[in-house]
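Letter by letter, the chains look like this.
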Amino acid sequence: MATMVQAVRLALHYGETHLGVTDIFGEDVGPPLGGVFTATQGLRTAWNSPLDERGIVGAAMGIAYAGGRPVCEIQFCDYGFNIIDLLKVAGNQRWAGAGEFDLPMVLMTPSGSGIRGSLYHSHSFESWASRLAGWKIVMPSTPLDAYGLMLSAIIDPNPVMVLLPKALLRVKGDNLIPGEPDDEGELKRRIDAPVGDRAHWQPNWPAVEKYIVPLGVGMLVREGTDATIISYGRTLPLCAQAADQVRESTGFSCDVIDLRSIFPYDWKMIAASVKKTGRVLIVNEDTEVTNFGEHILRRIVEEHFYDLLVRPRVLMGRHVPGIGLNPVYEQNTVPQLPGIKAALEALAKDAV
Amino acid sequence: MATMVQAVRLALHYGETHLGVTDIFGEDVGPPLGGVFTATQGLRTAWNSPLDERGIVGAAMGIAYAGGRPVCEIQFCDYGFNIIDLLKVAGNQRWAGAGEFDLPMVLMTPSGSGIRGSLYHSHSFESWASRLAGWKIVMPSTPLDAYGLMLSAIIDPNPVMVLLPKALLRVKGDNLIPGEPDDEGELKRRIDAPVGDRAHWQPNWPAVEKYIVPLGVGMLVREGTDATIISYGRTLPLCAQAADQVRESTGFSCDVIDLRSIFPYDWKMIAASVKKTGRVLIVNEDTEVTNFGEHILRRIVEEHFYDLLVRPRVLMGRHVPGIGLNPVYEQNTVPQLPGIKAALEALAKDAV
Amino acid sequence: MPKKNSMPVKDRAVKAGIATGEEVLPVERCLQIHRIMVLARALEERMIKMSKSGEGFFWIGGPGEEAFNTCLGFQVKKGEGPKFDYLHFHYRNSATMLAMGMEPIDAIRQMAMAWTDSFSRGRNFPSHFSRKAWNVVPVSSVIEVQFAMAPGTAIMQKRHGDGVTIVVGGDAGAAQGDFTSCLLWSSRPGNELPVIIITMNNGWGISTSHCSQHSCEHTIERGKAFGIPGEVVDGNDPVACWYAVERAFRYSRSTRRPFMLEAMVARLNGHSSSSGALRSDEPDCIAMFEDRLLAVDVLTQSKIDQIHSQAHAECDDAVAQVMREPRPGFGDIDKFTYSPSEVDAVYPGDYTGLP
Amino acid sequence: MPKKNSMPVKDRAVKAGIATGEEVLPVERCLQIHRIMVLARALEERMIKMSKSGEGFFWIGGPGEEAFNTCLGFQVKKGEGPKFDYLHFHYRNSATMLAMGMEPIDAIRQMAMAWTDSFSRGRNFPSHFSRKAWNVVPVSSVIEVQFAMAPGTAIMQKRHGDGVTIVVGGDAGAAQGDFTSCLLWSSRPGNELPVIIITMNNGWGISTSHCSQHSCEHTIERGKAFGIPGEVVDGNDPVACWYAVERAFRYSRSTRRPFMLEAMVARLNGHSSSSGALRSDEPDCIAMFEDRLLAVDVLTQSKIDQIHSQAHAECDDAVAQVMREPRPGFGDIDKFTYSPSEVDAVYPGDYTGLP
Ligand SMILES: Cc1ncc(C[n+]2csc(CCOP(=O)(O)OP(=O)(O)O)c2C)c(N)n1
Ligand SMILES: Cc1ncc(C[n+]2csc(CCOP(=O)(O)OP(=O)(O)O)c2C)c(N)n1
Ligand SMILES: [Mg+2]
Ligand SMILES: [Mg+2]
């Protein structure tokens, strides 16, 4: 099965061959490297930009204004903090400009911790991004979803941000992307650039097919009756694991919702599950002051306060200036499996 | 009584004469204008910078590193969205740098709606700011608090952001600043620059005194027993008014907390009041997705869920790309008195 | 780099006109430019009045920039899509829009915050234009961000036909990094872009003088390190402006490379209504042009007066009409946030509030 | 602008040394520089080994920049506060730190993420220095932000004594607006600042070549529009570097104005451990310098070997010691967030978690 980074590459290939993508660009996105995570290797329309994030976003906006369909990359979301004004303009231009122009641009960027990235390769971006009205924000947790969400991001005529969980980029999926060769080794041989000289390398793309994960639609990755876990990105598989272990050991069973879309989020799915279970655990790894998970909690409290059986819980990253390099820092700064399990067990024990 | 903008000016004067402030700067901060809101008129250390917010924050950091005590201004917080990376570095440098350097810098900037500012003079900044670990963030709602918080911001050896509610900048206070002349006209004659030629104008500063509003300490502006209202900035006086009107008409009485400090916030005051009343209304005007008020709600739900008698409420600005110029937009985008009153009345009516 | 006098000889010789140095602008062109300059001024003055009368709130605009802006507008290759010119304006370009064919009432609708305002539906400040049919991308108040976007439209243009991108900003704004981004992205080796980078140098950023902050007198000097040619032009002289703009267009359109233009202009009504919109005593490009037109008997004073009063009347009528037009209502707040999407389950049409 | 050959005549004449053109570097200085260059290289190589052995994770550093960085370090006016030089480094300045007197073990502690790491307490990547006693402000990974801060330290220095600010970045990073901010803020008329603006031009930003993105070969060309003089120097030649740095310091220290330096350097181990830290075949400044030292019999091969093995031994010993030193613990996560404050009711000391 494809890894998430291969899935993104396949989606971009589909985008430039079937969906009109004109430009895939950013720092080190073009040949020879094809992206620091290899997401853009071998793509026909990929090119290297200057080391200038403001120029990257500005160029994407200009290309989109002029009828192109750009996918730009911010190399790490950690380097996207000097462009918030441009992102705001991209998000408000249609509203402020009487709907004259569409801005069909995609911004993709690796987000979150898990690659021993120290301060500047461990940031989360979704809480910041969720504040950008006019944008749509997605964050897959599997390769197949990455493929389907990337296609939606490209097709949608509005600015869409694709946050790629750094920690999951090299993780393989459980499902084939439609058109993906069955054999993993074959996929690798066909689309991964060789180490060393790549001057004459050409990918041999498999004929991947259209597969859409619509924006605003979550995925119920576990079904249960006793509690609702809401997560996405790096922490999603941990939540699923925790739910499985707790169910195994205690019989306490959970709905585990992979939001997939941060905005718009799948409120129907959340609401239905909360109504059913009355117990809520929200998990993400962004910092805990003014966190997107707190928004979801607010919606739940606002609309389902009287459906809540026990105190709802939110697990998040700590409000500290960064994630340190020594593993002790990361382990204790952002949610990990033991902490998620403990929170779930506590939630299960709360008396009604 | 001094207006808030006069209070800020007096505080900066006290800062440069008593607290070692070395540089007050930003776009149009120096002579002849002394700031687009007049906050920096007549100050000895005020100077004009290039039109470059990144340079402004960078220079403030450098000055602070090198033993100065800078107060820099971002002309409107709406123009502070290309500097988030620098603000993050300012907030993390001590943590990341083993505590080698302090960074005693103050960043002040007008925030929020209420001056018919259209898209780019109506933004709120506190939700973004609250996410900046390593910073302290304050937002006064009265001239005296503006004075006392500005002094604390200057004295504190860490980066402190002073958000000044645009709508309240020209509003007079109910209390004299220590050392302020009793006569309003006199204050104006002494410290407001004349309209027209200012080449030879010099302020005649009153001998204002040290007055500290400590960071992290809220103010209970109304005391009651039935509900807790938590707000700050422009919406705070509206909350106090709403509380008064509802109390008058129904006898339903509220604690009204003026947070004053966004971070660190006065959790003790919030917790004590929520425990007492069991009913909560949080009001601010920042946008409603991933809003600082949602963080406060999360803390309340986390620690006082079982103390809550009824569903808590949060009133915020709408998640739209901006605030339009026609008054119909602003009226219906951010909380106003009627809406706050209605929310309070609904909270009062909720059955226990 | 184009030469100053590269204007075809016939244009210079065959027709009488107004001359600056060796450059002669034909009479008809002068009259056309003059009319738009006067109309632009009348429009701005009417909008300043609106900002004081309560028919509008905030005013910002281009009195003092009419000569250059008009010459620019007349020479734009107007149309929709990458085969035509793209325009990334700042907030003082109303004369350019009028020269391109905008009706004054369009600007007034925005000033009056009417729902009929086709640029922003009563949402944005005046002179914050947006018109897809003419490739005028939305103007934002954020100084200089247009310079980050301009290379993007030019990237597309380089692939289709001979359109160029025009980006305009003030002198103080050139301090922002985005100005340099524009120079850099427009001059990538082998990927040079057809961008005309324009600074309207009025010597001020609100209350801060250019010379107090900038060691270089002209922003075009910044282009040299990037191999970008440029020219400084007297923005009060429509003849000089016409040919400077013509040279810039010719160079960028034909070579597909960037060019810089810097117009030295006046800021006749101060920065904006926030600083009173008071009339300054800087030179007035319209009065100066009229002196020249009078001197060669191309216009009489009474004809000039008539042009002015017609322009004012047109603007007054427009205001009167706009006052009768609908305003936005409560239900309009969300509109135009999103373009309809076939892949969005929550917002298949427009934004409709929280999910 | 300082002249290339403004070195005092006596230095050039009285002592034998290594010459580049007319510039001669005395033997003792050469040996001192050589020793630090070798030590810096040994340190980086040891840290690369750590990144592969699991004693550390990520490596980034300065192999190839030793000649310039060493010459820079020896000439810094080292001390604390605005009367001394301030240093805003990028992540390849370990040789500068060693020349200033840093012990290799200090760098290794950071590489090993030890609690004894005085630069970041095991939090930051290697070569992210921070030392208040030497005015070395914290290095961040965010490319080019140091260029926005540098004018600030220089503003203070201009008021106190003759200290200058040194800011260092890469060639690709000069594309960021902050590079221009530094030029602009350092050259405000009447407020010129003593900043030495250094580009270490290795021709690459990760995998992207300088010449594919930048129309100007040298970033110092960007200074001209701001009236900032500058010089390009062969960063592989310690003699040329020494005098170029000397001229830059002399100019900035005495005139209190900015100066630009661009060192053409190699990137001997690629960008970082993420790209394998593999040895490239670019010219090696140490080997080249040793050839020159050997040629004039200042050093013998066996002496050179001894210097290298001493340097390696010192680094090996340091690693061994650091491996016995404490690591950060769970309770250390909040530390050093806030400086104690008399006006903070919640955090009078350090940060202690949510209020
Ligand atoms: C990023 C940003 N910072 C600050 C402002 C506030 N502001 C509006 S206009 C202006 C001065 C602009 O001067 P200049 O670029 O010379 O243009 P001019 O108004 O003189 O035409 C400032 C500081 C803004 N709009 N955007
Ligand atoms: C703002 C920012 N964007 C992107 C990166 C990722 N990145 C790290 S180093 C680098 C290349 C830097 O090239 P250059 O400035 O030439 O310095 P060099 O590494 O060659 O010394 C990039 C893109 C970053 N650290 N910061
Ligand atoms: Mg100007
Ligand atoms: Mg480089």
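Above this text sits the structure in question.
About the thresholds
Residues numbered from 1 in each chain as written. Chains lettered and ligands numbered in written order. Predicted model: local features only at pLDDT ≥ 70, side-chain atom pairs only at ≥ 80, totals over all residues. Heavy atoms only, no water. Contact = heavy atoms within 4.5 Å. Salt bridge = Lys/Arg side-chain N within 4 Å of Asp/Glu carboxyl O. Polar contact = N/O pair within 3.5 Å; in protein donor to acceptor, adjacent residues only side chain to side chain. Helix = DSSP H or I, 4+ residues; strand = E, 2+ residues; numbered from the N terminus. Nonpolar A, V, L, I, M, F, W, Y, C, P; charged D, E, K, R; others polar. Buried area = accessible area lost by both parts, 1.4 Å probe. Donors = N, O, S within 2.8 Å, 3.2 Å for Na, K, Ca; no water. Buried < 20%, exposed > 50% of the residue type's maximum accessible area, 1.4 Å probe, protein only. Lys, Arg positive; Asp, Glu negative; His and termini not counted. Near = heavy atom within 4 Å. Areas by Shrake-Rupley, 256 points an atom, 1.4 Å probe, with all protein chains shown as cover. Pairing = 2+ DSSP bridges. Right-handed = clockwise from strand over helix to strand, strands pointing away. Least-squares fit on C-alpha atoms with pLDDT ≥ 70 in both. Phe/Tyr/Trp six-rings, centres within 6.5 Å; stacked < 30°, edge-to-face > 60°. Lys NZ or Arg CZ within 6 Å of the ring centre and 35° of its normal. Axes fitted to C-alpha atoms, helices over the stretch in contact; angles between N-to-C directions.

Enquirer: I keep staring at the interface of chain B and chain D and nothing clicks. Help me out?
Expert: Put simply, an interface is often sized by how much accessible area is lost when its parts join up. The interface of chain B with chain D comprises 54 residues on the first partner and 49 residues on the second. For Arg159(D), the salt bridge is made with Asp23(B), and the minimal N-O distance between the two is 2.4 Å. One can count 21 residue pairs in polar contact (both at pLDDT 80 or more) joining chain B with chain D. Listed by contribution, the elements that provide at least two residues to the side of chain B that touches chain D are β1 (23–26), β2 (46–48), α2 (53–65), α3 (84–96), α5 (143–155) and α9 (292–304) of chain B. Sorting elements by how many residues they give to the side of chain B that touches chain D places α2(B) first, with nine residues. Here the side of chain B that touches chain D is composed, by residue class, of 26 nonpolar, 16 polar and twelve charged.

Enquirer: Quick question: what am I supposed to make of the interface of chain A and chain B here?
Expert: Listed as interface residues are 51 residues of chain A and, on the opposing side, 51 residues of chain B. The largest contributions to the chain A side of the interface with chain B come from Trp95(A), Trp128(A) and Arg131(A), which together make up 18% of the buried area. Summed over the shared surface of chain A and chain B, the result is four salt bridges. As a salt-bridge pair, Arg131(B) and Asp286(A) come within 2.7 Å of each other at their nearest N and O atoms. Seen at the junction of chain A and chain B, the total is 29 residue pairs in polar contact (both at pLDDT 80 or more). Secondary structure elements with two or more residues in the side of chain A that touches chain B: α3 (84–96), α4 (126–130), β11 (280–287), α9 (292–304) and β12 (313–317) of chain A. Considering every element that reaches the side of chain A that touches chain B, the biggest residue donor is α3(A), with eight residues. Here the side of chain A that touches chain B is composed, by residue class, of 26 nonpolar, 14 polar and eleven charged.

Enquirer: Looking at this structure, I do not really get the coordination of the magnesium ion (ligand 4). What am I missing?
Expert: Residues and elements named next belong to chain D. Here the magnesium ion (ligand 4) is held by the protein donor atoms Asp-171 (OD), Asn-202 (OD1) and Trp-204 (O), which lie 1.9 to 2.1 Å from it. Read N to C, the donor residues that coordinate the magnesium ion (ligand 4) are spaced as D-x30-N-x1-W. Residue Asp-171 is found in the loop between β4 (165–170) and α7 (177–186), and its partner Trp-204 is found in strand β6 (residues 204–205); the two are separated by 33 residues along the sequence.

Enquirer: Is there a simple way to think about the coordination of the magnesium ion (ligand 3) in this case?
Expert: Each donor-metal-donor angle would ideally measure 109.5 degrees in four-coordinate tetrahedral geometry, or 90 or 180 degrees in six-coordinate octahedral geometry. Ligation of the magnesium ion (ligand 3) by protein atoms is provided by Asp171(C) (OD), Asn202(C) (OD1) and Trp204(C) (O), these donors lying 2.0 to 2.1 Å from the ion. In the primary structure, the donors to the magnesium ion (ligand 3) are separated according to the pattern D-x30-N-x1-W.

Enquirer: What is the right way to look at the side chain of Asp28(B) in this model?
Expert: Along the chain, Asp28(B) falls in the loop between β1 and β2. No salt bridge forms around the buried Asp28(B); measuring N to O, its nearest opposite-charge neighbour Arg267(C) is 7.4 Å away. Beyond its immediate chain neighbours, meaning those up to four positions away, Asp28(B) contacts Leu33(B), Gly34(B), Gly35(B), Asn48(B), Gln75(B), Gly205(C), Ile206(C), Ser207(C) and Thr208(C).

Enquirer: Quick question: what am I supposed to make of the site of ligand 1 here?
Expert: The local shell around ligand 1 holds 21 residues, among which Glu53(B), Tyr91(C), Arg92(C), Ser141(C) and Trp204(C) are the closest. Residue neighbours of ligand 1 fall on chains B and C, so the site bridges chains. The contact in question runs from an oxygen atom of ligand 1 to an N or O atom on the side chain of Tyr91(C), over 2.7 Å. Surface burial for ligand 1 is 96%, taken as the share of its 580 Å² of free accessible area covered by protein chains. Grouping the amino acids of the shell around ligand 1 by side-chain chemistry returns eight nonpolar, nine polar and four charged.

Enquirer: For this particular structure, what's the right way to read the pairing of strand β8 (residues 230–234) of chain D?
Expert: The side chains of a regular strand alternate between the sheet's two faces. Residues and elements named next belong to chain D. In this sheet, strand β9 (residues 259–264) lies alongside β8 in parallel orientation, the contact comprising five bridges. Its bridge partner being in β9, Val-232 is matched across the sheet by Glu-262. Crossover β8 to β9 through helix α9 (residues 238–255) is right-handed.

Enquirer: Is there a simple way to think about the relation of the copies chain A and chain B in this case?
Expert: A rotation about an axis combined with a shift along that same axis relates the two copies of the chain. Its rotation angle being 180°, the transformation that places chain A on chain B also includes 0.0 Å of axial translation and leaves an RMSD of 0.0 Å. A rotation of that kind, with that shift, is consistent with a two-fold axis. Proximity to the rotation axis, assessed at the C-alpha, singles out Asn82(A) in chain A; its C-alpha lies 2.2 Å from the axis. A shared binding surface is used by both copies, with 100% of the interface residues of chain A retained as interface residues in chain B.

Enquirer: Explanation requested: the packing of aromatic side chains in the structure shown.
Expert: For any two aromatic rings, the description comes down to two numbers: the centre-to-centre distance and the angle of the planes. Considering all chains together, one arrives at 46 aromatic pairs over all chains under this definition. Here Lys88(A) stacks its cationic end above the ring of Phe81(B), 4.3 Å away from the centre of that ring. Taking the ring centre of Trp134(D) as reference, the NZ or CZ of Arg131(D) above it sits at 4.5 Å.

Enquirer: I'm lost on the sheet that holds strand β5 (residues 195–201) of chain D in this one. Help?
Expert: Each strand in a sheet pairs with another by means of backbone hydrogen bonds, the pair being arranged parallel or else antiparallel. Residue and element names in this part refer to chain D. Taking strand neighbours across the sheet as the criterion, the five strands line up as β3-β4-β5-β9-β8 in an open arrangement whose pairing is parallel. Strands at the two margins of the open sheet, each flanked by one partner only, are β3 (86–88) and β8. Across the sheet, the mean angle from the axis of one strand to that of its neighbour is 20°, orientation sign disregarded. Against the sheet, α9 makes contact with β4, β5, β8 and β9, and its axis sits at roughly 160° relative to β8, the strand it touches most.

Enquirer: What's the story with the sheet that holds strand β9 (residues 254–258) of chain B in this structure? I'm lost.
Expert: All names here are of chain B. Read from one edge to the other, the open sheet built from five strands follows the order β7-β9-β8-β11-β12, with strand pairing classed as mixed. Every interior strand has two partners, whereas the edge strands, β7 (219–222) and β12 (313–317), have only one. Between one strand axis and the next, the sheet turns through 25° on average, direction left out of account. With four bridges connecting them, strand β11 (residues 280–287) and β12 associate as parallel partners. The residue bridging Ile-282 from the neighbouring strand is Val-314, located in β12.

Enquirer: Would you mind going over the environment of Trp204(D) with me for this structure?
Expert: Residues and elements named next belong to chain D. The exposure class of Trp-204 is partly exposed, given its relative accessible area of 36%. For Trp-204 and Val-346, which are 142 residues apart along the polypeptide, the C-alpha to C-alpha distance reads 47 Å. Apart from residues no more than four positions distant in its own chain, Trp-204 is found in contact with Asp-171, Ala-172, Ser-209, His-210 and Arg-267.

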